[in-house]
Amino acid sequence: MQLSEQELRRRAEKSELEKLGINPYPSELFEVNVNIKDILENYEKQKTDYKNISIAGRLMSRRIMGSASFAELQDESGKIQIYLRRDDICPDEDKTMYNTVFKKLLDIGDIIGVNGYVFTTQTGEISIHVTEFKILSKSLRPLPIVKETTDKDGNVVTHDAFTDPEQRYRQRYVDLIVNPHVRETFKKRTALVNSIRNFLNDRGYLEVETPILQPLYGGAAAKPFKTYHNTLDMTLFLRIANELYLKRLIVGGFDGVYEFAKDFRNEGMSRFHNPEFTQVELYVAYKDYQWMMDLVEEMVERVALDLHGTTEVQVGDNLINFQRPWKRFTMFEAIEHYTGIDISKMPEAELRETAEKLDVPVDATMGKGKLIDEIFGEKCESHLIQPTFITDYPVEMSPLAKKHRSVEGLAERFEAICNGKEICNSFSELNDPIDQRERFQAQLELGKRGDEEAMMLDEDFIRALEYGLPPTAGLGVGIDRLSMIMTNSNSIQDVLFFPQMKPEKIAADPAELFKKAGIREDLIPIIMKLGLANMDDIKSAKPGKLFNDVCGMRKKMKLNDVKNPTMEEVQSWAG
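Rules and cut-offs
Residues numbered from 1 in each chain as written. Predicted model: local features only at pLDDT ≥ 70, side-chain atom pairs only at ≥ 80, totals over all residues. Heavy atoms only, no water. Helix = DSSP H or I, 4+ residues; strand = E, 2+ residues; numbered from the N terminus. Buried < 20%, exposed > 50% of the residue type's maximum accessible area, 1.4 Å probe, protein only. Contact = heavy atoms within 4.5 Å. Areas by Shrake-Rupley, 256 points an atom, 1.4 Å probe, with all protein chains shown as cover. Lys, Arg positive; Asp, Glu negative; His and termini not counted. Charge placed at Lys NZ, Arg CZ, Asp CG, Glu CD. Pairing = 2+ DSSP bridges. Phe/Tyr/Trp six-rings, centres within 6.5 Å; stacked < 30°, edge-to-face > 60°. Lys NZ or Arg CZ within 6 Å of the ring centre and 35° of its normal. Axes fitted to C-alpha atoms, helices over the stretch in contact; angles between N-to-C directions. Parallel < 35°, antiparallel > 145°, perpendicular 65-115°, else oblique. Left-handed = near helix turned anticlockwise from the far one by under 90°. Nonpolar A, V, L, I, M, F, W, Y, C, P; charged D, E, K, R; others polar. Salt bridge = Lys/Arg side-chain N within 4 Å of Asp/Glu carboxyl O. Core = buried A, V, L, I, M, F, W, Y, C linked by side-chain atoms within 4.5 Å. Patch = residues over 30% accessible without salt bridge, like charges linked within 9 Å, V, L, I, M, F, W, Y side chains within 5 Å. Polar contact = N/O pair within 3.5 Å; in protein donor to acceptor, adjacent residues only side chain to side chain. Expected span 1.5 Å × (residues − 1). Arc of directions from axis to C-beta.

Chemist: Just give me the short version of the overall build of the protein chain, but keep the residues and values in it.
Modeler: The secondary structure content of the protein chain amounts to 20 helices and 20 strands. By principal-axis analysis of the C-alpha atoms, the protein chain measures approximately 90 × 70 × 60 Å. Across the 575 residues in the protein chain, those meeting the buried criterion constitute 46%. In the protein chain, of all internal contacts separated by at least 6 residues, the share reaching a separation of at least 24 is 63%. Counting every atom, the protein chain has about 29,600 Å² of accessible surface; 49% of that belongs to carbon and sulfur. Each charge class in the protein chain can be summarised by its mean position, and for the 76 positive and 94 negative side chains these summaries are 4 Å apart.

Put into structure tokens, the structure is as follows:
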């Protein structure tokens, strides 16, 4: 492991502390009786309460001035200035704790505990006068230092901010230390979950847990992650949804159940998609999708009020108002509104032709429902900024929803779209076991055509329906998507503590190794841009995919003077 000069120095400081008999990682607890936010908010009101405080945090800056020093301490709640004077820290003749330990063996990033009292400096800054300090954890890696200055107009200007997305997501612990505003995003996410939980609990619905490992995946159209159970000698799947298990509980006699669920879908990643995500699913007996629309409006309006004190939330350039009632479109109405084309009576072949005329990507695996879904997604969703219900989906798109009570070919389903993306999905749940079996069988046929997201046939779920599922309304709300909106976050990675990431890139092989393998010098920057930093990466890649990727990246980089490799060239690179 290559260590930087700072890392080597900090390790040497750790050794020096140990030689002085100071454990840089003590075991005993450090009693904390106050936090920084409490001091800053309440000291001026009740000064006598802060004469004997004990507080812990991370050193974020230091100004050493001989026999006295200032520093900045940060805990979960904020930052505060601390003041240390040599003779207070070391009242006896031995001045080691100040002259050596504080001045020479502490660094920015170290965690310390301090005792002392709060006072106000001559400049009016609330500070802690330290009478005693203790090292609680020695930091062996330097923090990226975020510097702040104030310009002539009094505006705070940030320098050297830790802003690279890959670094921030991969090292979230550093992100949280040096970018305190990030903590606020996650506090709001927790408040959002608590708001929904309280809303549902107040209505008497039961929070439950259902299996994550499932012998059959179902409840959504998605490709699953697969695993294997050694003792049972069977393949299992990480759930793509918890719907079918929750409806089994309604069969069992509960009138309303919900679950905050981690679900997993083996699909592409983007700023709106993570393979592991959170949703809350709710099922209520004797209700329908019209009733559920009213509940969603009320619940999300409550979330906005709980988080922001208003129904208006700024999201990028858009001011979104969650006040009830929300706008409502049927799916066919929305498509006709934004394309000028009525597709409601079109057979599959005509739908395919229409999609192609609209420049909507389609392929041979797509049935009628998928074609309609693609047209809607490409031509309508991005226009739906204010919260809008899209209702009455084609039955082919909704294998778990009841057929519409009055319109042939439609299902009783809605999605809520906000800021151009779906935030929830709901049905009047299909409870006819004969119809459900036929719908599953239609999904199997789509699977035979190559649709990897088609649902499986779940015999036990059908058996549960045969015992009788009461009329039920179901709902799934994407917590990550809703959190993005409620925290004005641009990417789903910003509302996940630890989003899924590619493995960290290891040091790149020198260009000579690429040339030795027969790779042209003008192609090396393209290969590096693809993230193939080592010959091992190239040898493990499929030649056909690598050929397409290189040609595509050359075009994307606009390297018109660079000639594409031949397939034979690419095949030869693996040796």
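After presenting the structure, the write-up continues.
Chemist: Before we move on, can you summarise the pairing of strand E3 (residues 78–85) with the specific residues and values?
Modeler: Counting buried residues along E3, 6 of its 8 residues qualify, which places the element largely inside the surrounding structure. Bridge count between strand E2 (residues 68–75) and E3: 8 bridges; the pairing is antiparallel. Counterpart to Phe70 in the pairing with E3 is Tyr83. Connecting E2 to the next strand, E3, in antiparallel fashion are 2 residues. As paired elements, E3 and strand E5 (residues 126–137) share 4 bridges and run parallel to each other. By the bridge assignment for E5, Tyr83 is matched with His129.

Chemist: How would you summarise the side chain of Ser398 if you had to cite specific residues and measurements?
Modeler: By secondary structure assignment, the location of Ser398 is in the loop between strand E17 (388–394) and strand E18 (410–418). Given the relative accessible area of 0%, Ser398 is considered buried. Residues contacting Ser398, with those up to four places away along its chain left out, are Tyr393, Ala411, Arg413 and Arg439.

Chemist: Outline the packing of aromatic side chains, supporting the account with residue identities and numerical values.
Modeler: Tallying each qualifying case throughout the model produces 14 aromatic pairs. Seen from their ring centres, Tyr217 and Phe237 are 5.0 Å apart, and the 70 degrees between their planes marks the pair as edge-to-face. Of the two residues, Tyr217 sits in the loop between strand E9 (213–214) and strand E10 (226–229) while Phe237 sits in strand E11 (residues 234–238), which places them 20 residues apart along the sequence. Accessibility expressed as a relative area gives 11% for Phe237, which makes it buried. Measuring from ring centre to ring centre gives 6.0 Å for Tyr258 and Phe260, while their planes differ by 85 degrees; the resulting arrangement is edge-to-face. An aromatic cluster is built from Phe322, Trp326, Phe389 and Phe414, whose rings are joined through pairwise contacts. In this structure, Arg413 packs its charged tip against the face of Tyr393, placed 4.3 Å from the ring centre.

Chemist: Describe the sheet that holds strand E4 (residues 111–120), listing the residues and the values that go with them.
Modeler: The strand order around the closed barrel built from 5 strands is E1-E2-E3-E5-E4, with neighbouring strands paired in mixed fashion. Geometrically, the sheet is characterised by an average inter-axis angle of 50 degrees between neighbouring strands, direction not taken into account.

Chemist: Please set out the packing of helix H13 (residues 433–448) against helix H14 (residues 459–467) residue by residue, giving values where relevant.
Modeler: As a packed pair, H13 and H14 sit with axes 9 Å apart at the nearest point and diverge in direction by 160 degrees. By the angle between their axes, H13 is roughly antiparallel relative to H14. Relative to H14, the crossing made by H13 is right-handed. Facing Pro433, Gln436, Arg437 and Phe440 of H13, the residues of H14 in contact are Glu459, Phe461, Ile462, Leu465 and Glu466. Looking at side-chain class alone, the contact of H13 with H14 contains 5 nonpolar, 1 polar and 3 charged residues.

Chemist: Outline the sheet that holds E10, listing residues and values.
Modeler: Strand pairs in the sheet, formed through backbone hydrogen bonds, run parallel or antiparallel to each other. One open sheet accounts for 3 strands, arranged E9-E11-E10; its pairing is antiparallel. Bordering the open sheet on either side are E9 and E10, each of which pairs with just one other strand. In the sheet, E9 pairs with E11 via 2 bridges, with the strands oriented antiparallel. Across the sheet, the residue bridging to Gln214 is Phe237, located in E11.

Chemist: Outline the pattern of salt bridges, supporting the account with residue identities and numerical values.
Modeler: Evaluated as defined, the whole model comprises 44 salt bridges. A salt bridge links Arg520 to Asp522; the nearest nitrogen and oxygen atoms lie 3.1 Å apart. Through salt bridges with shared partners, a single ionic network connects Arg9, Glu13, Asp107, Asp110 and Lys138.

Chemist: Please give an account of the nonpolar core that cites residues and values.
Modeler: One finds Ile196, Phe322, Leu475 and Met486 to be the most contacted residues of the largest nonpolar core, which totals 39 residues. A total of 10 residues in this core trace back to one element, the largest contributor, which is helix H9 (residues 289–308). Not counting the four nearest positions on each side in its chain, Ile196 is found in contact with Phe260, Val280, Met299, Val303, Ile479 and Leu482. With 30 residues, the next largest nonpolar core counts Val34, Ile39, Leu73 and Leu106 among its residues.

Chemist: How would you explain a nonpolar patch on the surface if you had to name every residue and give the values?
Modeler: A contiguous nonpolar surface patch, about 380 Å² in accessible area, is contributed by Tyr173, Phe497 and Phe498. By the element assignment, Phe497 lies in the loop between helix H15 (479–486) and helix H16 (511–516).

Chemist: Now, about the side chain of Arg248: what can you tell me, with residues and values included?
Modeler: Inspection of the secondary structure puts Arg248 in helix H8 (residues 243–251). Of note is the side chain of Arg248, whose polar atom sits 3.2 Å from the backbone oxygen of Leu244. In terms of polar contacts, Arg248 uses its side chain to reach the side chain of Asp458, at 3.4 Å. Other than its neighbours up to four places away in sequence, Arg248 contacts Asp458, Asp460, Phe461 and Ala464.

Chemist: Can you lay out H13 for me, pointing to particular residues and giving the numbers?
Modeler: Compared with the 22 Å implied by 1.5 Å per residue over 16 residues, the 23 Å span of H13 between its first and last C-alpha is a close match. Within H13 the residues assigned to the buried category are Pro433, Asp435, Gln436, Arg439, Phe440, Gln443 and Leu446. Each buried residue of H13 lies within a common arc of 155 degrees when the element is viewed along its axis, so the set occupies one face. Facing away from the buried side of H13, by more than 90 degrees, are the exposed residues Ile434 and Lys448. Here the buried face of H13 lies against H14.

Chemist: Give a description of the environment of Arg63 that names residues and reports values.
Modeler: Within the secondary structure, Arg63 is located in strand E1 (residues 53–65). The partly exposed category is assigned to Arg63, whose relative accessible area is 45%. Spatially, the C-alpha atom of Arg63 lies 18 Å from that of Pro144, the residues being 81 residues apart in sequence. Excluding its chain neighbours within four sequence positions, the residues that come into contact with Arg63 are Ser69, Phe70 and Gln81. In this structure the side chain of Arg63 is engaged in a polar contact, spanning 2.8 Å, whose partner is the side chain of Gln81.

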